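Residue-level listing of the chains:
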Amino acid sequence: MNTKNTPQSQSSQESQDSHKKQDSARSDAADDRPAPMEVLRQARAQLGELTGLTPQSVSSFEQTEDGWSLDVEVLELSRVPDTMSLMASYRVDLDPRGQVTGYRRVRRYERGRADARPPGGR
């Protein structure tokens, strides 16, 4: 077995080590991103803390160039009967790590109301 330690073999080994470090760095960066379910949980908790309102559900969820965008349904005013409670839909924007970067109310409605059908819709 020939195990000479030549400058060429050292250079080859350094190149392999460099590639391993780059691959490891990419893997670590991917590991920093939360899983989609974790993003949903964080978004609901953060929106509830920021607004003081109770998130009910997530009706829309998508990954964007800047992170994530969700529509979260929130109970704004509890009434009796429950079908008369006021609900709101909030658009919540998050960075790639799942931290809220902004939110806005996009719709307000009574819990028992369905969306109006579009013209010609069934």
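Conventions adopted
- Residues numbered from 1 in each chain as written.
- Predicted model: local features only at pLDDT ≥ 70, side-chain atom pairs only at ≥ 80, totals over all residues.
- Heavy atoms only, no water.
- Helix = DSSP H or I, 4+ residues; strand = E, 2+ residues; numbered from the N terminus.
- Buried < 20%, exposed > 50% of the residue type's maximum accessible area, 1.4 Å probe, protein only.
- Contact = heavy atoms within 4.5 Å.
- Pairing = 2+ DSSP bridges.
- Expected span 1.5 Å × (residues − 1).
- Axes fitted to C-alpha atoms, helices over the stretch in contact; angles between N-to-C directions.
- Polar contact = N/O pair within 3.5 Å; in protein donor to acceptor, adjacent residues only side chain to side chain.
- Core = buried A, V, L, I, M, F, W, Y, C linked by side-chain atoms within 4.5 Å.

Caption draft 1: Spatial organisation of the overall build of the protein. For the protein, the helix and strand inventory stands at two helices and four strands. Looking at the protein as a whole, 25% of its 122 residues are labelled buried. Put simply, 37% of the contacts in the protein that link residues at least 6 apart link residues at least 24 apart.

Caption draft 2: Up close: the pairing of strand 1 (residues 54–64). Bridge analysis of strand 1 against strand 2 (residues 67–77) gives nine bridges, and the strand direction is antiparallel. Bridge pairing in strand 2 links S60 to D71. Once strand 1 ends, the chain turns through two residues before running back antiparallel as strand 2.

Caption draft 3: Highlighting helix 2 (residues 36–51). Look at helix 2: 22 Å from first C-alpha to last across 16 residues, which is about the 22 Å you get at 1.5 Å a residue. Along helix 2, the residues that are buried comprise V39, L40, Q42, A43, Q46, L47 and G48.

Caption draft 4: Expanded view of the sheet that holds strand 3 (residues 86–94). Strand order across the open sheet formed by four strands is 1-2-3-4, with antiparallel pairing between neighbours. The strands lining the two open edges of the sheet, one partner per strand, are strand 1 and strand 4 (100–110). Looking at each pair of strands side by side, their axes are set apart by 20 degrees on average, direction ignored. In terms of strand pairing, strand 3 meets strand 4 through nine bridges, oriented antiparallel. Bridge pairing links S89 to R107 in strand 4. Each of strand 1, strand 2, strand 3 and strand 4 touches helix 2; the most contacted strand, strand 1, lies at about 130 degrees to it.

Caption draft 5: Representation of the pairing of strand 2 in the model. Taken across its eleven residues, strand 2 has ten buried, putting it largely inside the fold. Sheet topology note: the strand 2/strand 3 ladder contains nine bridges and is antiparallel. Bridging from a neighbouring strand, D71 pairs with R91 of strand 3.

Caption draft 6: A look at the side chain of D95. The residue D95 is located in the loop between strand 3 and strand 4 in this model. Reaching out from D95, the side chain makes a polar contact with the backbone nitrogen of Q99 at a distance of 2.9 Å. Apart from the residues within four sequence positions on either side, D95 is in contact with D66, G67, W68 and T101.

Caption draft 7: Structural context of the side chain of S89. Here S89 lies in strand 3. S89 sits in the buried class, given a relative accessible area of 6%. Of the polar contacts made by the side chain of S89, one reaches the side chain of E73; its length is 3.0 Å. Every residue in contact with S89, bar those within four places of it in the chain, is listed here: D71, V72, E73, R104, R105, V106, R107 and Y109.

Caption draft 8: Seen up close, the nonpolar core. Counting twelve residues, the largest nonpolar core is built from V39, L40, A43, L47, W68, L70, V72, V74, A88, Y90, V92 and L94. Of all the elements in the fold, those that place two or more residues in this core are helix 2, strand 2 and strand 3. With residues up to four places along the chain from it excluded, the contact list for Y90 reads L47, L53, L70, D71, V72, V74, E76, Y103, R104 and R105.

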